[in-house]
Each structure stands twice: as structure tokens, then as C-alpha cells.
Amino acid sequence: MGIKVVKFGGSSLADAEHFRRVAEIVRNDPKRRYVVASAPGKRTSDDVKVTDMLYHCYELVHDGKDITEYYNRIIERYNSIIRELQLDFDISGELEYIRNAILHHSGQDFAASRGEYLNSLILAKYLKFDFIDAESVVFFRDNGSYDEEKTNSVMRTELQKHRNAVIPGFYGVMPNGTIKTFSRGGSDITGSIVARAADAELYENWTDVSGFLMTDPRIVKDPLPIKVVTYRELRELSYMGASVLHEDAIFPVRNAGIPINIRNTNEPDAPGTMIVSSSGEYDANRIITGIAGKKGFSVITIEKDMMNSEIGFGRKILDVLEDNDVSFEHLPSGVDTMSVIVSSAALECNNRRERIVSSINKRVRPDSVVIEDGLALLAVVGRGMVKAKGTAARVFDAISAADINIRMIDQGSSELNIIVGVEDSDLDKALNAIYHEFVK
Ligand code: ADP
Ligand code: ASP
Ligand code: MG
């Protein structure tokens with residue numbers, strides 16, 4: 001019998017009621033043998049995620065402040081779950097140990113990771129599954145990068161010893177034994193790692209929406225769910241802000257050809273979204289698969305007459321960025337101008353902005369260099385676009401009809417996506433305009 005690895009996000013494990021739903025989902029299919037759990041998320045829109053509370057405790061200690069009251073709120077979140085599930089389980093020793101560790105300046109990652117650790121202990125007890133601590137099966141190298149080979153081999157051997165297990169998401173261990181986390185939302189990555197090591201037939205990622213929606217539901221009202229999306233389309237969408245799945249979560253499963261199914265814990269019968277390696281099918285009526293957008297980009301515009309005939313011009317500009325440790329997103333260019341789009345945050349630290357401008361002036365002696373902030377990028381993504389004529393025109397018409405100024409256009413050579421730059425303040429309006437152009 002095949003194996004399904006199931007990951008439940010924070011909103012799916014936020015309280016006892018959700019634990020019950022999760023247990024029902026897991027018990028409904030004996031293939032669901034390995035469960036990856038997040039820390040308790042928000043119960044209501046103004047609630048605070050336990051992970052954020054743990055980061056806050058770490059900050060309080062760092063600032064020399066008392067954590068008693070705040071930490072007691074974390075204790076109560078876990079105790080209320082245990083109480084309401086009527087579990088005979090005492091985690092007070094664990095909670096005390098963690099409090100002391102945070103007080104004694106354990107690392108920030110250690111503090112943050114305890115959200116998943118504790119929730120997984122409780123879930124394992126409730127499901128009567130074994131508990132496998134992520135620190136014994138997920139490894140990072142000295143330089144902080146994820147060690148895929150070691151993790152895959154150790155995790156594989158460990159899973160074989162357990163018929164059923166719960167594994168906390170989000171963290172692993174450094175060679176010196178300290179805890180390290182992935183970036184925020186990283187439990188999705190752990191789920192993918194476990195799916196690969198288990199040779200799973202499917203990685204189910206359970207969250208609070210009925211699949212990957214065509215666009216961000218916080219910006220466009222009730223967007224339609226996507227039935228099938230390819231890994232490549234998904235990469236484009238998640239990189240550009242569709243945050244339902246961590247952008248690195250596809251790598252472990254992609255090469256192994258394991259599909260991901262995004263499902264809704266609150267609507268378990270909905271089929272959700274299948275993420276697959278390739279699909280020839282697309283909805284001819286809709287053409288595009290999804291739209292995503294992200295704020296916070298800057299444009300560096302370099303002008304110089306006859307730039308096009310100056311060999312090595314572009315390379316010198318990119319060298320300047322590399323020397324300053326800044327990566328670029330897009331490079332739209334004309335005959336006498338070249339624009340480089342970078343993340344504004346990357347320009348902020350260490351006076352990089354000034355250093356980049358002065359190095360460009362020195363290296364290529366341009367007529368002018370200007371940096372403008374406040375750019376938002378949106379990606380219109382679809383494997384169907386290559387076959388459908390006029391998609392770009394429809395995108396631009398929709399944006400213009402909404403009275404939005406387009407600051408940049410870039411169509412990927414794969415014809416999988418069209419990237420449009422607009423003012424930060426126009427992003428939401430632009431997403432709505434494009435969505436309603438393609439979904440009538
Ligand atoms: P989890 O806690 O299960 O990991 P996340 O909060 O990380 O869940 O991701 C799910 C959320 O992603 C949704 O509640 C939704 O608000 C947001 N989201 C953003 N873009 C999309 C999209 N295109 N489709 C679905 N959800 C999206
Ligand atoms: N709990 C972590 C976070 O809030 C990891 C995750 O939820 O995937 O980022
Ligand atoms: Mg998430």
C-alpha cells in the first residue's frame with residue numbers, strides 16, 4: 001500500500017476543535033502514515049501565532065524584560081488544547097525547560113522551533129502515533145544550508161522503524177547540535193522532505209483554503225481554486241507572493257515526481273489543487289493559471305548613449321550588484337537605457353544604495369543613474385499562454401482600463417509568465433482588474 005505524507009499548517013492545528021478535524025482526516029485514510037505538524041496558528045484574524053509569540057519572548061529576554069506574563073499565554077494555548085481533548089498528558093516539564101532555555105539566551109531559532117515541537121508531541125499523543133523529533137532527522141551544514149543528502153538518508157532509515165509518526169515541521173539541527181529553522185512558513189519544506197524520504201505517492205498539504213486559489217483571497221474576493229498547477233507555474237506564483245506554500249517546498253518532491261495536493265482542513269471533501277510535474281491540459285476558456293503580486297521593489301535605471309554597442313556594459317552593472325551582495329529580479333533594457341529591478345529591502349542595509357550608485361558611476365560612466373522605489377511586481381502565469389494569442393494584450397488592456405500606469409513589462413522567454421511593474425499603491429487594483437478580465 002502506498003504512503004501519503006500529510007502536513008497540517010498552523011491554522012489547521014490552532015485549537016482542540018481543529019485537532020479533532022485533523023485526527024478524522026488522518027484516520028480516514030490508512031495511507032496517511034506520516035504527519036508533519038506546524039505550531040498553533042491564529043484562531044481568529046486578530047489572534048497571534050504561537051511562533052510569533054515565541055519570537056517575541058526571545059526579544060523580551062534580549063531586551064532584559066520579564067517574560068512571565070507573555071510565556072504564560074503560550075502555556076495556556078497548549079494547555080487548553082490538552083484539556084479540551086481530555087488528554088492524559090502533562091507537558092509542564094517541557095514548558096518549564098523551554099522557559100528556562102529562553103531565559104538563558106538559547107538561540108532565536110531554538111525558541112521559535114518549540115512551537116512545532118510541543119504541538120507535535122500533543123498531536124502524536126492524540127493520534128497514538130510515534131513522535132520523531134526533527135532534530136534527529138533534519139540536518140543543516142555549518143554554513144547554514146540545508147543538507148539534503150544526509151537528511152534524506154537518516155530520515156529514510158528512521159521512518160522505516162515507524163508504522164505511523166508525527167514529525168514537527170520548520171526546524172532541524174546544525175552540526176554543533178544547535179537548533180536551526182527554515183525561513184517562515186518552513187513546515188511546508190519539512191513535509192516535502194518527509195514525503196521524499198518515505199517514497200510517498202502523494203504529499204498532502206492541509207491548510208485553511210480549498211486549494212491554491214487563482215489569486216490572493218485577501219485582495220480579490222473569492223477567487224476560484226486552481227485544479228492543476230505545474231511545479232514551474234507554482235514556483236513563479238509563490239515567488240511572487242502567493243504564500244500558500246513555501247517557495248522552496250517543491251524541491252524535495254519535484255525530482256522524485258511526487259505530486260502535492262493542497263487541501264482544506266475545514267472542507268475535507270473538496271479536491272483542492274494538484275501540483276504536478278507537467279500537464280498538457282489547461283482550461284482553454286481561462287488561459288491563465290494564476291496571478292500573484294508583491295510590493296517592495298526598486299528600479300535602478302542607467303542611461304548612456306550608445307550603451308548597446310558597448311561590450312561588457314551589462315556585465316559591469318551586474319558585477320557592481322554582485323560586489324554588493326544584491327541579486328536582481330529583472331533586467332528590462334532599451335537601446336540607451338538599462339533597468340535593473342531589485343528588492344528595496346536589499347538596498348537598505350549598509351549604505352548599499354549609495355555604494356551601488358557610486359560604483360556604477362565609476363565602472364561605466366553613464367549619463368545618469370537613478371534609483372526609484374515603490375514598485376510592485378505582478379506575475380500573470382499560465383502554461384496555456386504559449387498557445388493562446390493576445391494574452392499579453394488582454395493583461396495590458398485590463399490594467400489600462402483600470403486607469404493604472406504600467407511602469408515595466410517583462411515576458412519570460414518560456415512564455416509561461418508575463419511580469420508587470422506598477423506602483424505599490426496600484427497593486428491590489430491591478431490584481432482585481434486582471435483576474436476579472438480572465439474570469440468572467
Ligand atoms: P498554513 O498555516 O496552513 O501553513 P498559510 O497561512 O501559510 O497556511 O497559507 C495559507 C494562506 O495563504 C491562506 O489562508 C491565504 O490567505 C494565503 N494565500 C495567499 N495567496 C493565496 C493563493 N493564491 N491561494 C490560496 N491562498 C493564498
Ligand atoms: N510556524 C512557522 C511559522 O509560523 C512555520 C510554519 O508555520 O510553516 O512560520
Ligand atoms: Mg504556511
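Quick caveat, the model's predicted, so the values are computed rather than measured. (Residues numbered from 1 in each chain as written. Chains lettered and ligands numbered in written order. Predicted model: local features only at pLDDT ≥ 70, side-chain atom pairs only at ≥ 80, totals over all residues. Heavy atoms only, no water.)

Undergrad: How would you explain the sheet that holds strand 9 (residues 260–264) if you had to name every residue and give the values?
TA: Spatially, eight strands are ordered 3-4-2-1-7-9-10-8 in an open sheet, and the strand pairing comes out mixed. A strand with exactly one partner marks an edge of an open sheet, and here the two such strands are strand 3 (130–131) and strand 8 (228–230). One ladder, built from three bridges, connects strand 9 with strand 10 (residues 273–276); its direction is antiparallel. Opposite Ile260, over in strand 10, you have Ile275 as the bridge partner. This element, helix 1 (residues 16–27), spans strand 1 (4–8), strand 2 (32–37) and strand 7 (202–207) of the sheet and lies at about 170° to strand 1. (Pairing = 2+ DSSP bridges. Helix = DSSP H or I, 4+ residues; strand = E, 2+ residues; numbered from the N terminus. Contact = heavy atoms within 4.5 Å. Axes fitted to C-alpha atoms, helices over the stretch in contact; angles between N-to-C directions.)

Undergrad: Describe the layout of surface pockets, and please don't skip the residues or the numbers.
TA: Each pocket or cavity is described by its volume, and for the largest pocket that value is around 1200 Å³. The wall of the largest pocket is formed by 44 residues, among which Lys49, Thr207, Asp208, Ser243 and Val244 lie closest to the centre. Elements represented by at least two residues in the lining of the largest pocket include exactly helix 7 (187–197), strand 7 and helix 8 (231–239). Residue composition of the lining of the largest pocket, grouped by class: eleven nonpolar, 21 polar and twelve charged. (1 Å grid on protein atoms, 1.4 Å probe; cavity = no way out; pocket = protein on both sides within 12 Å on 5 of 7 lines; lining within 4 Å. Points joined across faces, edges and corners; volume = space filled by probe spheres on them. Nonpolar A, V, L, I, M, F, W, Y, C, P; charged D, E, K, R; others polar.)

Undergrad: So what's going on with the site of ligand 1? Residues and values would help.
TA: The full set close to ligand 1 counts 18 residues, and Lys7, Gly10, Thr207, Asp208 and Leu213 are the nearest of them. Thr207 is positioned with one of its side-chain polar atoms (N or O) 2.7 Å from an oxygen atom of ligand 1. Leu213 places a polar main-chain atom, nitrogen or oxygen, 2.8 Å from a nitrogen atom of ligand 1. Here ligand 1 has 570 Å² of accessible area as a free molecule, and 85% of this is covered by the chains. (Near = heavy atom within 4 Å. Polar contact = N/O pair within 3.5 Å; in protein donor to acceptor, adjacent residues only side chain to side chain. Areas by Shrake-Rupley, 256 points an atom, 1.4 Å probe, with all protein chains shown as cover.)

Undergrad: I'd like to hear about the sheet that holds strand 11 (residues 290–303), residue by residue, with values.
TA: Strand order in this open sheet of six strands is 12-13-11-14-16-15, and the pairing throughout is antiparallel. Of all strands in the sheet, those with a lone pairing partner are strand 12 (328–330) and strand 15 (406–411), marking the two edges. On average, each strand axis in the sheet is inclined to that of its neighbour by 40°, with strand direction left out of account. Bridging between strand 15 and strand 16 (residues 417–423) involves five bridges; their strand directions are antiparallel. Bridging from a neighbouring strand, Ile406 pairs with Val422 of strand 16.

Undergrad: Give me the lowdown on the pairing of strand 10, citing residues and values where you can.
TA: Pairing of strand 8 with strand 10 involves three bridges; the strand directions are parallel. Paired with Val228 across the bridge in strand 10 is Met274.

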